[in-house]
Amino acid sequence: MNKYYITPLNDSIKCSELSYYFTNVSLLNANNEWINLGNYDLIENNNPESKTIVLPNVPAGDYSSIRFMIGVDSIANSTGSHEGELSPAYGMYWSWATGYVFFRFKGRTSGNRSVSFDIGGNQNLPIAEIPLNSLKNSGKSITMNIAFNLAEIFVNPHNYSLDSNSIDIHTAIDPDVYKLRDNIAKGAFTITTVQ
Amino acid sequence: MRFWGILLLLVFSILSCREPEEENPIIPITPVDSFKVTPYNLVYPKWNSVIWLRLKIPADNPLTVEGIALGKKLFYDKRLSGNNSISCASCHAPEHAFADNKAFSSGINGALGDRNSMPLFNIAWADVLLPGNHKFFWDGRKASIEDQVLGPLGDPKEMDQNLAELVLKLNAIPEYPPLFKKAFGSDSITMRLVMFAIAQFERTLISSNSKFDKFKRGEVELNASELNGLELFSTEKADCFHCHGNEFNPLFTDFKYKNNGLDSIPIDKGLGNFTGKPEDFGLFKTPSLRNLSFTAPYMHDGRFSTLEEVIEFYNSQTKDGATTDEVIRKHFPHGGLNLTATEKQDLINFLRTLDDYEFVSNPNFRP
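Read on for a plain summary of the structure.

Basis of the calculations
- Residues numbered from 1 in each chain as written.
- Chains lettered and ligands numbered in written order.
- Predicted model: local features only at pLDDT ≥ 70, side-chain atom pairs only at ≥ 80, totals over all residues.
- Heavy atoms only, no water.
- Helix = DSSP H or I, 4+ residues; strand = E, 2+ residues; numbered from the N terminus.
- Contact = heavy atoms within 4.5 Å.
- Areas by Shrake-Rupley, 256 points an atom, 1.4 Å probe, with all protein chains shown as cover.
- Lys, Arg positive; Asp, Glu negative; His and termini not counted.
- Charge placed at Lys NZ, Arg CZ, Asp CG, Glu CD.
- Polar contact = N/O pair within 3.5 Å; in protein donor to acceptor, adjacent residues only side chain to side chain.
- Core = buried A, V, L, I, M, F, W, Y, C linked by side-chain atoms within 4.5 Å.
- Buried < 20%, exposed > 50% of the residue type's maximum accessible area, 1.4 Å probe, protein only.
- Domains from an automatic or database assignment.
- Axes fitted to C-alpha atoms, helices over the stretch in contact; angles between N-to-C directions.
- Parallel < 35°, antiparallel > 145°, perpendicular 65-115°, else oblique.
- Left-handed = near helix turned anticlockwise from the far one by under 90°.
- Nonpolar A, V, L, I, M, F, W, Y, C, P; charged D, E, K, R; others polar.
- Salt bridge = Lys/Arg side-chain N within 4 Å of Asp/Glu carboxyl O.

## Remarks on the overall build of chain B
Looking only at helices and strands, chain B has 17 helices and 3 strands in total. Seen through its C-alpha atoms, chain B measures out along the principal axes to roughly 65 × 65 × 50 Å. Here the contacts in chain B between residues at least 6 apart in sequence split such that 67% fall between residues at least 24 apart. Here chain B displays about 15600 Å² of accessible surface, and carbon together with sulfur accounts for 57% of that area. The average position of the 39 basic charges and that of the 47 acidic charges among the side chains of chain B differ by 4 Å.

Right, here's the structure in full:
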């Protein structure tokens, strides 16, 4: 609770808000086709209910990989009907050019500097892909536990130190934003259990 | 492709961040027997190319014409207070967008409360947008509109009405049992049904006919100053949109609990009073910016009496504190927002377009 923790680059940081869109969950089937389940879910750290997503109607099959977007695809980002969890009323929509905020993080360093990321813009969309140890959909519901590790957004593939990188990203064209995009896509999300 | 109706359940855990709070159980409410009522047709407001979110109406308290009419009658009835001197409307008056014009409202015997009365419009959307049990009041201490009704009734500084006595009192007023019978199928009045009826009335208090709404429906134009105010509002310049929505969010708030920098050490702990967590100290429900011309003074303690004061506060007087929002803090290195006199005026002119004169004079909402 309200604790500081040390990032892999030795920045000490505490988080006050963390929200992101988790959308377009897709599974790779035996024919090498991606089956997109077409979900749009908003995950908010302060909202326990938001952390369980139910995706009905997964086609029968044998799947070897899962892919998802942390954010919103370019079509929904520009022409979205803004219903349900995509409603701008959730506060995750910029009225100007870039559309949705894909990923929001707010926190403070132990030196009391504000850190505030609102990542958006189609070119900055993190897409994560995680191989599965053959997921057989045999007629029972599958529960997948997914962990998001905040520490990972500061490393791999790019080192992101709060001393030398932007600590306040609120434009889609910030020079450092691609680093966060890549770091979120790679390794920040892991599948801990599949039942 | 064959669909087996299989569920993929994704459960998330977030490492290294604030832990989620524990959930308190919500009091279960048993449904009433079925009988004949007239369903109320809730008409959702329209904006071009923006959809107003659908409301979550509790399955056991659907909106009915009879229930809403009864709720309105109760809302305006002074007999709901301990000494029959004030009603809900004493502090939530229609001409003030269902708030009042005092910093602290006076309850029965003139006792002063310690918070500014909140306007009542579009409040049911807080139910949709806020998670968990913190949805109503400045400090989020109530979880539902139904439950909220008990707050002012029992509060010694507000209506100071013993609830058991209220039930006896209403049962003894000849006009009430038949109205409860029509609305809920039972002429035995219970506290639960009083809560249900008032909640129904509150859900119908929708404000959606301001000049800005008409602009978003293509019916009127905004002038250059108002448009510039909108631009300032919804960009990093004045930076209001991070908390108070934007031209795609008709509610002009996301309702979330935030510290907008009023005090470096909050006098009133807000949400923190209720959760006891230091990270919640000084967090208050973000109010809608509709109808500001009718709801002065402003903030949870009514400390500002004009919009000019509010804008100057955001421009140059926000304070740093342990929970001050990062969106406020990010302007400190530049000495605040640095708005010019014209920009401040444009911002106010834009805010005035959110005043809904049809809402405050709507006869359907009056006794």
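## Some thoughts on the environment of Ser-117 of chain B
Residues and elements named next belong to chain B. Mapped onto the elements, Ser-117 comes out in the loop between helix H2 (88-91) and helix H3 (124-129). Between the C-alpha atom of Ser-117 and that of Lys-78, which follows or precedes it by 39 residues, the distance is 17 Å. In this view, Ser-117 contacts Cys-91, His-92, Ala-99, Asp-100 and Ser-105; residues no more than four positions away in its chain are not counted. Within the structure, the side chain of Ser-117 is placed 2.8 Å from the backbone oxygen of Cys-91, a separation counted as a polar contact.

## Quick look at the nonpolar core
Side chains of nonpolar character tend, in soluble globular proteins, to be buried together. Of all hydrophobic cores here, the largest spans 150 residues; its most connected members are Phe-22, Phe-103, Phe-117 and Phe-189 of chain A together with Leu-74 and Trp-125 of chain B. If you tally residues by element for this core, the top one is helix H8 (residues 191-203) of chain B, at 9 residues. For this core, the domains that each give at least three residues are domain 1 (46-206) and domain 2 (211-359) of chain B. With residues up to four places along the chain from it excluded, the contact list for Trp-125 of chain B reads Tyr-44, Trp-52, Leu-53, Leu-55, Ile-206, Leu-251 and Phe-255 of chain B.

## Notes on the packing of helix H14 (residues 307-317) of chain B against helix H16 (residues 341-352) of chain B
Residues and elements named next belong to chain B. Running from N to C, H14 and H16 cross one another at 125°; their axes reach a closest spacing of 10 Å. Our classification of the angle between H14 and H16 gives oblique. Crossing of H14 against H16: the hand is right-handed. Across the interface between the two elements, Leu-307, Glu-308, Ile-311, Glu-312 and Asn-315 of H14 pack against Lys-344, Leu-347, Ile-348, Leu-351 and Arg-352 of H16. Taken together, the residues that form the contact of H14 with H16 break down as 5 nonpolar, 1 polar and 4 charged.

## Examining the pattern of salt bridges
A full pass over the atoms with the stated rule returns 32 salt bridges over all chains. The salt bridge involving Lys-214 of chain B is made with Glu-358 of chain B; its shortest N-O contact spans 2.6 Å. Of this pair, Lys-214 of chain B sits in helix H9 (residues 211-216) while Glu-358 of chain B sits in helix H17 (residues 357-360), and the two are 144 residues apart along the sequence. Put simply, Lys-258 of chain B and Asp-254 of chain B hold a salt bridge, and the shortest N to O gap is 3.9 Å. Relative accessible area serves as the criterion here: at 10%, Lys-258 of chain B is assigned to the buried category. With a relative accessible area of 3%, Asp-254 of chain B lands in the buried category. Through salt bridges with shared partners, a single network forms among Arg-108 of chain A together with Asp-320, Glu-326 and Arg-329 of chain B.

## Let's talk about the side chain of Thr-109 of chain A
Looking at the secondary structure, you find Thr-109 of chain A in strand E7 (residues 101-109). When residues no more than four places from it in sequence are discounted, the contact partners of Thr-109 of chain A are Tyr-4, Ser-12, Ile-13, Val-115 and Leu-162 of chain A.

## Section: unusual backbone geometry
Cis peptide bonds are those with omega within 30 degrees of zero, and the linkage from Asn-156 of chain A to Pro-157 of chain A qualifies with 0°. Of the consecutive residues Ala-296 of chain B and Pro-297 of chain B, the connecting peptide bond is found in the cis state with omega at -5°. Note on placement: Pro-297 of chain B falls in the loop between helix H13 (292-295) and H14. Of note in the backbone geometry, Asn-32 of chain A takes a positive phi value of approximately 65° without being a glycine. Mapped onto the elements of the fold, Asn-32 of chain A is located in the loop between strand E2 (12-28) and strand E3 (34-36). Non-glycine residue Phe-98 of chain B carries a positive phi angle of around 65°. Mapped onto the elements, Phe-98 of chain B comes out in the loop between H2 and H3. Classification of Phe-98 of chain B as buried rests on a relative accessible area of 0%.

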